[in-house]
Amino acid sequence: MKRKLIAAIGIAGMMVSIAACGGDSGSGGSDKTGADAKELTVWLTVDAQNNWPQLVKAADAAVQKAHPGIKINHEYYGWPDKNAKLDAVLATDKAPDVVEMGNTEMLGYMVKGAFAPLDPAKFTNSSAWLDGLKASVTYDGKTYGVPYYAGGRVGNWRKDLFASVGVKSAPKTYAELTAALDKLQKKEGDKFSAWYQPTRDWYAAMSFVYDAGGSIAEEDGGQWKASLSSPESVKGLTEFKNVVDKYMHGDKTKDENDRYIVYGQGKSGMIFGAAWEGATSEDPKNDKTGKLKGNLENFVMPGPSGKNLPVFLGGSDLAVPVKSHAQAVAAEWINAFTGPSGQKGLMAKGNLPNNKTDLATLKKDPATAVPATAAESNWFVPMAPGWGQVEKAQILQTMLQDIGTGKKSVEAAAKDADAAIDKVINIK
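Here the structure is a predicted model, which is why all the values come from computation and not from measurement.

The rules we used
- Residues numbered from 1 in each chain as written.
- Predicted model: local features only at pLDDT ≥ 70, side-chain atom pairs only at ≥ 80, totals over all residues.
- Heavy atoms only, no water.
- Helix = DSSP H or I, 4+ residues; strand = E, 2+ residues; numbered from the N terminus.
- Rg over C-alpha atoms; globule rule 2.2 N^0.38 Å.
- Buried < 20%, exposed > 50% of the residue type's maximum accessible area, 1.4 Å probe, protein only.
- Areas by Shrake-Rupley, 256 points an atom, 1.4 Å probe, with all protein chains shown as cover.
- Lys, Arg positive; Asp, Glu negative; His and termini not counted.
- Charge placed at Lys NZ, Arg CZ, Asp CG, Glu CD.
- Expected span 1.5 Å × (residues − 1).
- Contact = heavy atoms within 4.5 Å.
- Pairing = 2+ DSSP bridges.
- Axes fitted to C-alpha atoms, helices over the stretch in contact; angles between N-to-C directions.
- pLDDT = per-residue confidence, 0-100.
- 1 Å grid on protein atoms, 1.4 Å probe; cavity = no way out; pocket = protein on both sides within 12 Å on 5 of 7 lines; lining within 4 Å.
- Points joined across faces, edges and corners; volume = space filled by probe spheres on them.
- Parallel < 35°, antiparallel > 145°, perpendicular 65-115°, else oblique.
- Left-handed = near helix turned anticlockwise from the far one by under 90°.
- Nonpolar A, V, L, I, M, F, W, Y, C, P; charged D, E, K, R; others polar.
- Core = buried A, V, L, I, M, F, W, Y, C linked by side-chain atoms within 4.5 Å.
- Salt bridge = Lys/Arg side-chain N within 4 Å of Asp/Glu carboxyl O.

**Digging into the overall build of the protein**
Across its full length, the protein holds 18 helices and 14 strands. Computed over the C-alpha atoms, the radius of gyration of the protein is 22 Å, within 12% of the 22 Å expected from 2.2 N^0.38 for a compact globule of 428 residues. With respect to the principal axes defined by its C-alpha atoms, the protein has extents near 70 × 45 × 35 Å. Going through the 428 residues of the protein one by one, you find that 54% of them count as buried. Of the roughly 17,800 Å² that the protein leaves accessible, carbon and sulfur atoms contribute 53%. Counting 50 positive and 49 negative side-chain charges, the protein places the centres of these two groups 4 Å from one another.

**A few points about helix α18 (residues 410-422)**
Along its 13 residues, α18 runs 18 Å from first to last C-alpha, staying within 8% of the 18 Å computed at 1.5 Å per residue. Against the buried residues of α18 lie β9 (223-226), α10 (231-247) and α17 (393-404).

**As for the sheet that holds strand β3 (residues 98-102)**
One open sheet accounts for five strands, arranged β2-β1-β3-β13-β6; its pairing is mixed. Pairing within the sheet leaves two strands with one partner each, and these edge strands are β2 (71-77) and β6 (146-151). With direction set aside, neighbouring strand axes in the sheet form an average angle of 20°. Relative to strand β13 (residues 314-319), β6 is paired through five bridges, and the arrangement is antiparallel. Paired with Y149 across the strands is S316, a residue of β13. The sheet contacts of helix α3 (residues 53-66) involve β1 (39-45) and β2, and relative to β2 the element is tilted by about 155°.

**Concerning the sheet that holds strand β10 (residues 270-274)**
Spatial ordering of the open sheet is given by β10-β7-β11, a layout of three strands whose pairing is antiparallel. Of all strands in the sheet, those with a lone pairing partner are β10 and β11 (296-299), marking the two edges. Across the sheet, the axes of successive neighbouring strands diverge by a mean angle of 30°, strand direction being ignored.

**Comments concerning the confidence of the model for the protein**
For the protein, the average pLDDT comes to 91, and 92% of its residues sit at 70 or higher. Contacts from residues 1-32, a stretch scored under 50 in pLDDT, to residues over four places away or in other chains number 80 contacts.

**With respect to the environment of A372**
Mapped onto the elements, A372 comes out in helix α16 (residues 369-376). According to the relative accessible area criterion, A372 is buried, its value standing at 0%. Sequence separation of A372 and G152 is 220 residues, and the distance between their C-alpha atoms is 8.2 Å. If near-sequence neighbours (up to four positions away) are discounted, A372 is found in contact with L352, L359, L362 and K363.

**Quick word on unusual backbone geometry**
Backbone geometry places N125, a non-glycine residue, at a positive phi of 65°. Within the secondary structure, N125 sits in the loop between α5 (106-111) and α6 (131-136). A positive phi angle is found at D140, which is not glycine, with a value near 55°. Relative to the helices and strands, D140 is located in the loop between β4 (138-139) and β5 (142-143). The class for D140 is exposed, based on a relative accessible area of 66%.

**Section: the layout of surface pockets**
Over the atoms a probe the size of a water molecule is rolled, and this reveals where empty space is left. Size it by volume and the largest pocket reaches roughly 520 Å³. As for the largest pocket, its lining consists of 22 residues, and the residues nearest its centre are A150, G151, W276, G350 and N351. Mapped by element, the contributors of at least two residues to the lining of the largest pocket are α2 (46-51), β6 and β13. Broken down by element, the lining of the largest pocket gets its largest block of residues, three residues, from β6.

**A word on the packing of α10 against α18**
Their axes nearest at 10 Å, the elements α10 and α18 cross at an angle of 125°. Taken together, α10 and α18 sit at an angle that is classed as oblique. The handedness of the crossing between α10 and α18 is right-handed. Across the interface between the two elements, V234, L237, T238 and K241 of α10 pack against V410, E411 and A414 of α18. Within the contact of α10 with α18, the residues separate by chemical class into four nonpolar, one polar and two charged.

**Re the nonpolar core**
Counting 122 residues, the largest nonpolar core has F115, W195, M206, W333, F337 and M399 as the members making the most contacts within it. In terms of residue count, the dominant contributor to this core is helix α9 (residues 202-211) (seven residues). Sequence-distant contacts of F115, that is, excluding residues within four places in its chain, are made with V99, M101, M106, Y109, M110, Y144, A319, V320, P321 and V322.

**Section: the pattern of salt bridges**
A complete count under the given rule lists 15 salt bridges for this structure. Sharing partners across several salt bridges, the network here consists of D201, R259 and E277.

**Focus on the environment of G386**
In this fold, G386 is placed in the loop between β14 (378-379) and α17. The class for G386 is buried, based on a relative accessible area of 2%. Each C-alpha atom, one on G386 and one on K344, is 36 Å from the other, the two residues being 42 residues apart in sequence.

**With respect to helix α4 (residues 79-90)**
The end-to-end C-alpha separation of α4 is 17 Å, in line with the 16 Å expected for 12 residues at 1.5 Å each. The set of residues buried in α4 consists of W79, K82, N83, L86, D87, V89 and L90.

**Considerations on the packing of α3 against helix α13 (residues 327-338)**
Across the interface, α3 lies against α13 with an axial gap of 8 Å and an inter-helix angle of 135°. Here α3 is positioned oblique relative to α13, judged by the angle of their axes. Regarding α3 and α13, the two cross each other, and that crossing is right-handed. Counting all contacts with α3, which are made through L55, V56, A59, D60, A62, V63 and A66, the residues of α13 involved are V329, E332, W333, A336 and F337. Partitioning the contact of α3 with α13 into residue classes produces 10 nonpolar, no polar and two charged.

What follows is the structure, encoded as structure tokens:
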């Protein structure tokens, strides 16, 4: 799921009020920890309200058992509205005690000191958090949130089309994948995309970069430097360009937002995207071919390196605002909500868990083995101070469009992207 980072000016304005509070560590309350709090306010998105309200009630019950008489308030928000409301309330003394954040939204708030540091040892399975999720709640060596749940990316293809060219099982290696794509592309012609891979899809492109041993940026001596023009990153970008050149015969200026719609129109044989996209494409509302139901298959994407292609893990984290007056109880509620029973409930709803221990159980189930296996190898955006203040996706998308359309060479586009990133990546 894609969530925009908040604007720098919004965070900056909000932080004026926080700074004016004298730099309190956020404990609030009479005992500076909020352990004796009589009231707790929890902000979640409507996903929890609509899909797993029983898990919210269970967390409430656990906290109320430990703190008899405590009142727990819940507010639910849609993703487009949440951050504006959060920024406004953080400029007052009415901050919530727990707030759900998209994992790519965390960094800007952590950099500006909006969230209280948490002790990971107090959260079940914290030592086994998935690497990409752990990265999303970590800044400058401290933990400022708890991973809640995740969603990964997988390959998805049409079994009927690939069977028509003699391919009857999902690929296990990159060579098998490209051989199958070559056969289908030859059969269907150049108005068909054997692999519909939107050029501006930086999540997919960066998977190739990380698979090749590259990265968006690296930290050295406390300073971050963009690294898209490194030999390893260029290798990954070059292979991504090969995919777009050979198999993507759609608009080379598009992003991935309507990929499931295009797939449902029968104009492609395969996609690499969020695990829900295939099922959404075969929904009767989107399936314009009438042939997708039962013909789509998820598979773990093999990478050119010989290993599984590393995937970006999207998802949600839970944080405690620094202005909360109930930080200790807020942490207890988060642990109750994200602990073993909570993870079991979230997995039952089709989500990936926040930890490797539970992920291993999903790998054993044929119904969930593909997304669970794919999620084992994952990457996350650079946790550099400037990354969270400005939307960097535009820099990456521009680079990829220049590469995909042939406007610039891979090397030139990567060098320009590095220059643009370096201008802002260390700004606090």
